[in-house]
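Here is how the chains run, residue by residue.
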Amino acid sequence: MRILEAQLTRKIRVIVAKPGLDGHDRGAKVVARALRDAGFEVIYTGIRRTPEEIAETALQEDADVVGLSILSGAHLELTPMVIEELRKRGLEPNRDVLVLLGGIVPEEDVPKLKEMGVAKVFGPGTPLSEIIEFIRAEVPKLKR
């Protein structure tokens, strides 16, 4: 019976995406690698992805988490576009898929982003263990 249970359990799937024109992806790659090393299945979409591409990847890959990395300052413009595209595909943020944001985000923008549907904002210097622990704690709460 334990073998059957193990077969039914899958790794947490995380999409790491760089929306918009931001071409700086070192931080996203560091986070993606840390998540992979922690046992998650990670799909890194690469740079300059559209909100539509990100949402479609989340749908097609049956993602548990969509992690957006935005360093360009366009987080208040790009994040709602990604969330809208997720909803168009029947993925409600923080019910069906956990939406996280990393990058340069002023503190005064965090409440706005949470109101839009972002579960957590991780700024520069956040310990990787904090991101991993947050995902492990929150994904089981999704109503999938």
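Details of the structure are given in the entry above.
Read on for a plain summary of the structure. The shown structure was predicted, so the numbers you read here are calculated from the model rather than taken from an experiment. (Residues numbered from 1 in each chain as written. Predicted model: local features only at pLDDT ≥ 70, side-chain atom pairs only at ≥ 80, totals over all residues. Heavy atoms only, no water.)

A few points about the pattern of salt bridges
Now for step 1: This structure, assessed with the given rule, holds 16 salt bridges.
Now for step 2: Across the pair lysine 141 and glutamate 138 runs a salt bridge, and its minimum N-O distance is 3.0 Å.
Now for step 3: Salt bridges sharing partners connect three or more residues here, namely Glu56, Glu84, Glu85, Lys88 and Arg89. (Salt bridge = Lys/Arg side-chain N within 4 Å of Asp/Glu carboxyl O.)

With respect to helix α6 (residues 128–138)
Now for step 1: Those residues of α6 lying buried are Ile131, Ile132, Phe134 and Ile135. Seen from one end, α6 has its buried residues packed into an arc of 160°, which puts them on one side.
Now for step 2: Buried-residue contacts for α6 involve α2 (26–37), β3 (65–70), β4 (98–103) and β5 (120–122). (Buried < 20%, exposed > 50% of the residue type's maximum accessible area, 1.4 Å probe, protein only. Helix = DSSP H or I, 4+ residues; strand = E, 2+ residues; numbered from the N terminus. Arc of directions from axis to C-beta. Contact = heavy atoms within 4.5 Å.)

Some details on the packing of aromatic side chains
Now for step 1: Counting across every chain of the model gives one aromatic pair.
Now for step 2: Ring geometry for phenylalanine 122 versus phenylalanine 134: centroids 5.8 Å apart, planes at 80°, classification edge-to-face. Of this pair, phenylalanine 122 sits in strand β5 while phenylalanine 134 sits in helix α6, placing them 12 residues apart in sequence. Per residue, the accessibility class of phenylalanine 122 equals that of phenylalanine 134, and both read buried. (Phe/Tyr/Trp six-rings, centres within 6.5 Å; stacked < 30°, edge-to-face > 60°.)

Observations regarding unusual backbone geometry
Now for step 1: For arginine 48, which is not glycine, the phi torsion reads 60° and is therefore positive.
Now for step 2: With relative accessibility at 47%, the residue arginine 48 sits in the partly exposed group.

Describing the nonpolar core
Now for step 1: If you look at the biggest cluster of nonpolar residues, it comprises 24 residues, and the most contacted ones within it are Ala58, Val66, Leu68, Leu86, Leu101, Val118 and Val121.
Now for step 2: For this core, the elements supplying multiple residues, two or more each, are β1 (13–17), α3 (51–60), β3, α4 (75–88), β4 and α5 (110–116).
Now for step 3: If one sorts the elements of this core by residue count, α4 sits on top with four residues.
Now for step 4: Judged by nonpolar contacts, the second largest core, of 17 residues, contains Leu98, Leu100, Ile135 and Leu142. (Core = buried A, V, L, I, M, F, W, Y, C linked by side-chain atoms within 4.5 Å.)

A few points about the packing of α3 against α4
Now for step 1: At a minimum axis separation of 8 Å, α3 and α4 run at an interaxial angle of 45°. In terms of axis orientation, α3 runs oblique to α4. Once α3 is placed against α4, the crossing between them reads as right-handed. Mapping the contact onto sequence places Pro51, Glu52, Ile54, Ala55 and Ala58 in α3 and Met81, Val82, Glu85 and Leu86 in α4.
Now for step 2: Per-class residue counts for the contact of α3 with α4 are seven nonpolar, no polar and two charged. (Axes fitted to C-alpha atoms, helices over the stretch in contact; angles between N-to-C directions. Parallel < 35°, antiparallel > 145°, perpendicular 65-115°, else oblique. Left-handed = near helix turned anticlockwise from the far one by under 90°. Nonpolar A, V, L, I, M, F, W, Y, C, P; charged D, E, K, R; others polar.)

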